[in-house]
Amino acid sequence: MKFEDVIGQEALKEHMQSAIRLGKISHAYIINGEAGFSKKLLAEAFAQALLCSKLNPDYDKNQVSFPGLEVEEPKLPEVIEPCCECTSCKKASHHNHPDIIYISHEKPNLISKEEIRNQLVNTVDIIPYESKRKIYILEDGQFMNEAGQNTLLKTIEEPPDFVTIIILTTNKEKLLPTVLSRCVCLDVKPVKKSVIKSYLMDKGIVDYQADMAINFAEGNPGKALMIASDVEFQNRRKLIINTIRDFDGFNSKRIADMAKKIEEDKDNIDSYFDLIMVFLRDVLVYKTTGDEKRVHFREEISVIRDISRHKLSQINELINITKDARDKVNAQVTLGLTIEMMLHKMKETV
């Protein structure tokens, strides 16, 4: 793994590379951001660089010097990247380096104090097997319960000099203030659309699918790739477009059937709301500008033209109806009933 393999996140990569260049490595880091931003890849590139033999040659500042012979500290390369050729890098790449420890957990949404204690706290004082440093990578940090975080707290307060702990989390607000204050917090940033576009095109994603995925992904390259490659997402997109196109022919039974179909796919309910909102945003943009180039659903331009013939107030009302339904679902109101009422209101509006 190399830093250059991480899409975007130049500020975070520069922070880590500078820390290596200056020899100022923190004892604990938090990398925070939603899934899809390659947080684990970034942590692994950092860990690999910290242990890379090329970047960390044997050097002892206390070694004996002789008159007229000065011992110079090896100079690091201008670009800090793990070499991927030394034994340490090869082991790290294959996830079998004994000094890079991954913290695992059995339950999907819980990291217990026993898991923190057994896998980290009880082993942290053991010196590295092959390197000068030992690195712990803890994924899903947001799932640590309070007891687990308190168990970790003493270790990140006074860790051995050779230990670096990297916590990956999708929501750092789930961590205790005492944990946050003792770590260097690095928040991932949205990636430029042009960078994600190049990334998707390299993956063989066709142009219009890449553009649509980028608009939904909000700067998240992993999410963009998932959307562009997800057949089920494309099916949801077609369902929403066909529903809006055929509102005039909908009766109560068809609306109830549609609501049931969406309810059965409740794990992806946010995706449905996103699709509706982006589509209605396209209608609004086309209504006010007439510019097809500013439309995300370019392949559905004929449907967008048809809907845009409605009054501006009607289009805005459709958006408000969708927002209201989303708020109700988030407030735990019955999903099927909420979707059914939303569709009835949308039909009445147009």
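An account of the accompanying structure is given in this report.

Reading the values: the criteria
Residues numbered from 1 in each chain as written. Predicted model: local features only at pLDDT ≥ 70, side-chain atom pairs only at ≥ 80, totals over all residues. Heavy atoms only, no water. Axes fitted to C-alpha atoms, helices over the stretch in contact; angles between N-to-C directions. Helix = DSSP H or I, 4+ residues; strand = E, 2+ residues; numbered from the N terminus. Parallel < 35°, antiparallel > 145°, perpendicular 65-115°, else oblique. Left-handed = near helix turned anticlockwise from the far one by under 90°. Contact = heavy atoms within 4.5 Å. Salt bridge = Lys/Arg side-chain N within 4 Å of Asp/Glu carboxyl O. Buried < 20%, exposed > 50% of the residue type's maximum accessible area, 1.4 Å probe, protein only. Pairing = 2+ DSSP bridges. Right-handed = clockwise from strand over helix to strand, strands pointing away. Nonpolar A, V, L, I, M, F, W, Y, C, P; charged D, E, K, R; others polar.

Focus on the packing of helix H12 (residues 269–289) against helix H14 (residues 312–330)
It is at 10 Å that the axes of H12 and H14 come closest, and there the two elements cross at 165 degrees. Between H12 and H14, the interaxial angle falls into the category roughly antiparallel. For the element pair H12 and H14, the recorded crossing hand is left-handed. Only Leu312, Ile315, Asn316, Leu318, Ile319, Thr322, Lys323, Ala325, Arg326 and Val329 of H14 make contact with H12, whose side of the interface consists of Ile269, Asp270, Phe273, Asp274, Ile276, Met277, Leu280, Val283, Leu284, Lys287 and Thr288.

Regarding the pattern of salt bridges
Pairing between side chains becomes possible if they bear opposite charge and their charged atoms approach one another. Scanning the entire structure with this criterion turns up 17 salt bridges. Residue Glu130 is joined to Lys91 by a salt bridge in which the shortest nitrogen-to-oxygen separation is 2.7 Å. Within this pair, whereas Glu130 is found in the loop between helix H4 (113–121) and strand E3 (134–138), its partner Lys91 is found in helix H3 (residues 87–93), the two being separated by 39 residues in sequence. In this structure Lys91 comes out as partly exposed when scored by relative accessible area, which is 24%. With its nearest N and O atoms 2.5 Å apart, the salt bridge here joins Arg309 to Asp306.

With respect to the pairing of E3
Consecutive side chains of a regular strand alternate in pointing toward one face of the sheet and then the other. Most of E3 sits inside the fold, with five of its five residues counted as buried. Here E3 shows two buried faces, one formed by Lys134, Tyr136 and Leu138 and the other by Ile135 and Ile137. Pairing geometry for strand E2 (residues 100–103) and E3, over four bridges, is parallel. Looking at the pairing, Tyr102 lines up with Ile137 of E3. In this region the chain leaves E2, passes through H4 and returns to the parallel neighbour E3; the handedness of that crossover is right-handed. With helix H5 (residues 146–157) bridging E3 and its parallel neighbour strand E4 (residues 163–169), the resulting β-α-β unit is right-handed.

Points about the packing of helix H7 (residues 193–202) against helix H9 (residues 221–229)
Where H7 meets H9, the closest approach of the two axes is 10 Å, and the angle between their N-to-C directions is 45 degrees. Here H7 lies oblique to H9, going by the angle between them. Taken as a pair, H7 and H9 cross one another with a handedness that is right-handed. Contacts between H7 and H9 involve Ile196, Tyr199 and Leu200 from the first element and Pro221, Ala224 and Leu225 from the second. Partitioning the contact of H7 with H9 into residue classes produces six nonpolar, no polar and no charged.

Focus on the sheet that holds strand E1 (residues 28–32)
Read from one edge to the other, the open sheet built from five strands follows the order E2-E3-E4-E1-E5, with strand pairing classed as parallel. For this open sheet the edge positions go to E2 and strand E5 (184–187), each flanked by a neighbour on one side alone. Across this sheet, the average inter-strand angle for adjacent strands is 20 degrees, counted without regard to direction. Summarising the sheet, E3 and E4 pair through five bridges and their orientation is parallel. Directly across from Lys134, in E4, lies its bridge partner Val163.

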